[in-house]
Amino acid sequence: MTEFARDHVKNDGQRHAVPAVLHWLPGLFLLAVLGAGALLALTSPGARTLPRDQNVRAGEWTAAYEKGLDAGVPWRRPALDLWGGVGYRLFGEAQPGAVVGRDGWLYTSEEFETAPTDAREVRDKLRYVDQVRRELARDGARLVVALIPAKARLYSSHLGGARVPASKTPEYETFRRGLEAEGIVAPDLYAALRRAAAGGSPNLFFRTDTHWTPDGAGVAARTVASRVRSLGLELPAGEFRGARAAPALYPGDLLRYLPGVERAPSTSDWVRARSTERLDGGGGLLGDEGIAVTLVGTSYSAPSSANVWDFAGQLQQALGTEVLNVADQGRGPFLPMRDYLRSPERTSTPPRVVIWEIPERYLRVNYPELDSAGAAPHARETPGTPPAQGAT
């Protein structure tokens, strides 16, 4: 017998010497894990809660039961935290909805998305803004659009390996110039923010949040106020004073896409929340003729527990007049404007200036509601119609 044959026979004999039960151990372990998982799932509260008023034939009952069962699984949260932590720390990835840059910067994935319909949507938004301008001009009000540049545009140096599609490069300036071509006041907030950032200003957007910081909101407020003052309108005067709270950790909204990481203090931003106080005690109630400026927009303006940047308050300080804030969060910039045009606030507090805050990333979003319920019907005119007296 050759040496090779002896080794082969020897190894074959050793393999047969292993107890047979050990060959089944991996399979038994897998079955045990699956069995334990099934037992815990079936005994969880979600498994015992049956959906009501759901259509079984349409699949609604199954979907609702699956959703409840998934939420009720006891190890779901730890598993998501573990997987999310591994994905972020080892591979630099977040869950769908956020893009991981470098140096702890996060971006909303909405600023990276594109579709073949983008150009058409941007044109439709431009047309709608012009309709709104004409609608407001009928009451003698001027429209000023505060177009907020994407965070990925202003802070592209922190993108790391992430790349914004080249087709989005001209989007901001194309839209802003389109507004100006229609006679709509649209200060260049991107240029103002870029100058402030280049001049050594603290971060103008949060690292881990979609929104601007109090410093970024301040730059935008002063830039918008400068253009409003250039209109030469007499606005009711008011005295305002800003204040800043003590430094505190700010849990950015993008951290929710990093389960297991969002509670780590090192990943959060620090902020000194801003607030504004009126000193002369005037205005503030609906119907008060002392309010001549209305602010419409999104969560960048709307009052909320997360709004530490106080864009509306800083606008009041920069303008020296009270601002009626009707911005709303979670609906984009176009639906709040549609609702404002039909609201009692518009008639009870007729504005002389309406400042409309529009984040760039919403320009490509389709809003079917605007097709049938946008500006009032009489405002639906073709672009190019001469503006009413007093309009830009």
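Bear in mind that the values here come from a model prediction, so they are computed numbers and not experimental data.

Caption draft 1: Highlighting the overall build of the protein. Along the backbone of the protein there are 15 helices and 10 strands. Relative to its 392 residues, the protein shows a buried fraction of 45%. Counted over contacts in the protein with a minimum sequence separation of 6, partners at least 24 positions apart contribute 79%. Accessible surface, the protein as shown: approximately 20,500 Å² in total, 56% of it carbon and sulfur.

Caption draft 2: Expanded view of the sheet that holds strand 8 (residues 293–296). Pairing is parallel in the open sheet, where four strands are placed in the order 3-10-8-9. Looking along the sheet, the strands with just one partner apiece sit at the ends: strand 3 (142–148) and strand 9 (323–325). Along the sheet, successive strands turn relative to each other by an average axial angle of 20°, direction set aside. With seven bridges joining them, strand 3 and strand 10 (residues 353–359) adopt parallel strand pairing. Paired with Val-144 across the bridge in strand 10 is Ile-355.

Caption draft 3: Representation of the packing of aromatic side chains. By the definition in use, this model includes 12 aromatic pairs. The interplanar angle of 15° and the centroid separation of 4.5 Å between the aromatic rings of Phe-206 and Tyr-250 together place this pair among those described as stacked. In this pair, Phe-206 is assigned in the loop between helix 10 (189–198) and helix 11 (214–229) and Tyr-250 in strand 5 (residues 248–250), connecting sequence segments 44 residues apart. Three or more aromatic residues joined by ring pairs make a cluster, and in this case those are Trp-105, Tyr-107, Phe-112 and Tyr-155. The side chain of Lys-125 reaches across the aromatic face of Phe-334, ending 5.7 Å from its centre. Across from the ring centre of Tyr-107, 5.2 Å away, lies the NZ or CZ of Lys-151, which sits over that ring.

Caption draft 4: How the structure looks around unusual backbone geometry. You will see that Asp-103, though not glycine, has its phi angle at about 60°, which is positive. Within the secondary structure layout, Asp-103 lies in the loop between strand 1 (98–100) and strand 2 (106–108). With phi around 55°, Asp-310 is a residue other than glycine that occupies positive phi space.

Caption draft 5: The environment of Gly-160, seen in detail. Along the chain, Gly-160 turns up in the loop between helix 8 (151–154) and helix 9 (171–181). For the pair Gly-160 and Trp-105, spaced 55 residues apart in sequence, the C-alpha separation works out to 9.2 Å.

Caption draft 6: Region of interest: the pattern of salt bridges. Scanning the entire structure with this criterion turns up 25 salt bridges. Asp-124 is paired through a salt bridge with Arg-127; the nearest N and O atoms lie 2.8 Å apart. Here the residue Asp-124 and the residue Arg-127 both occupy positions in helix 7 (residues 118–137), the gap between them amounting to three residues, near one helical turn. For Arg-134, the salt bridge identified is with Asp-130, shortest N-O distance 2.8 Å. Note that Arg-134 and Asp-130 are positioned in helix 7 at a spacing of four residues, about one turn of the helix. Neither Arg-134 nor Asp-130 differs from the other in exposure class; each is buried. What you see here is one network of salt bridges that share partners, running through Glu-173, Arg-176, Arg-177, Glu-180 and Asp-188.

Caption draft 7: Expanded view of helix 9. Among the residues of helix 9, Glu-171, Tyr-172, Phe-175, Arg-176, Gly-178 and Leu-179 are the ones counted as buried. Considered in projection along helix 9, the buried side chains sweep an arc of 155° and stay on one side of the axis. Set apart from the buried face of helix 9 by more than 90 degrees, the exposed residues are Arg-177 and Ala-181. Contacts made by the buried residues of helix 9 are with helix 7, strand 3, helix 8 and helix 10.

Caption draft 8: View of the confidence of the model for the protein. Averaged over every residue, the pLDDT of the protein is 84; the share at 70 or more is 76%. Low pLDDT (under 50) marks residues 372–392, which in the prediction has 47 contacts with non-local residues, meaning those over four places away or in another chain.

Caption draft 9: Local environment of helix 10. Those residues of helix 10 that sit buried are Leu-189, Tyr-190, Ala-191, Ala-192, Leu-193 and Ala-196. Where helix 10 is buried, its residues contact strand 3, helix 8, helix 9 and helix 11. Its side-chain oxygen placed 3.3 Å from the backbone nitrogen of Tyr-190, Asp-188 serves as the N-cap of helix 10.

Caption draft 10: Main features of the environment of Arg-229. Mapping Arg-229 onto the fold places it in helix 11. A C-alpha to C-alpha distance of 9.7 Å links Arg-229 and Ala-318, two positions 89 residues apart in sequence. Discounting residues that sit within four places of it in the chain, Arg-229 has contacts with Ala-318 and Leu-319.

What counts as what
Along every chain, residues carry numbers that run from 1 in the direction the sequence is written. Since the coordinates come from a predicted model, pLDDT governs what is reported: local features require at least 70, and pairs of side-chain atoms require 80 or more to be given and counted, while whole-chain, interface and lining totals use all residues. The side-chain quantities take in all heavy atoms of the structure and omit both hydrogens and water. Here a helix means four or more residues in a row that DSSP labels H or I, a strand means two or more in a row labelled E, and each is numbered from the N terminus. Remark: exposure states derive from per-residue accessible area (1.4 Å probe, protein chains only) relative to the maximum for the residue type, with buried under 20%, exposed over 50%, and partly exposed in between. In what follows, residue pairs with any heavy atoms lying within 4.5 Å of each other are defined as contacts. Per-residue and other accessible areas follow the Shrake-Rupley method at a 1.4 Å probe size, with only the shown protein chains counted as cover for residues. A pair of strands counts as paired when DSSP detects no fewer than two bridges linking them. The angle between two axes is taken between their N-to-C directions and runs from 0 to 180 degrees, where each axis is a line fitted to C-alpha atoms and a helix contributes only its stretch in contact. Classification of ring pairs uses Phe, Tyr and Trp, with its six-membered ring standing for Trp, and accepts pairs whose centres are within 6.5 Å; under 30 degrees between planes counts as stacked, over 60 as edge-to-face, and the remaining range as tilted. Lysine NZ or arginine CZ positioned within 6 Å of the ring centre and within 35 degrees of the ring normal marks a charge as sitting over the ring. We count a salt bridge whenever a side-chain nitrogen from Lys or Arg sits within 4 Å of a carboxyl oxygen from Asp or Glu. Relevant arc is that of directions from the helix axis to the C-beta atoms, nothing else. Per-residue confidence from the predictor is reported as pLDDT, which spans 0 to 100. Pairs of N or O atoms are called polar contacts if they sit within 3.5 Å, as long as, within protein, a hydrogen donor faces a hydrogen acceptor (for residues adjacent in sequence, only side-chain-to-side-chain pairs).

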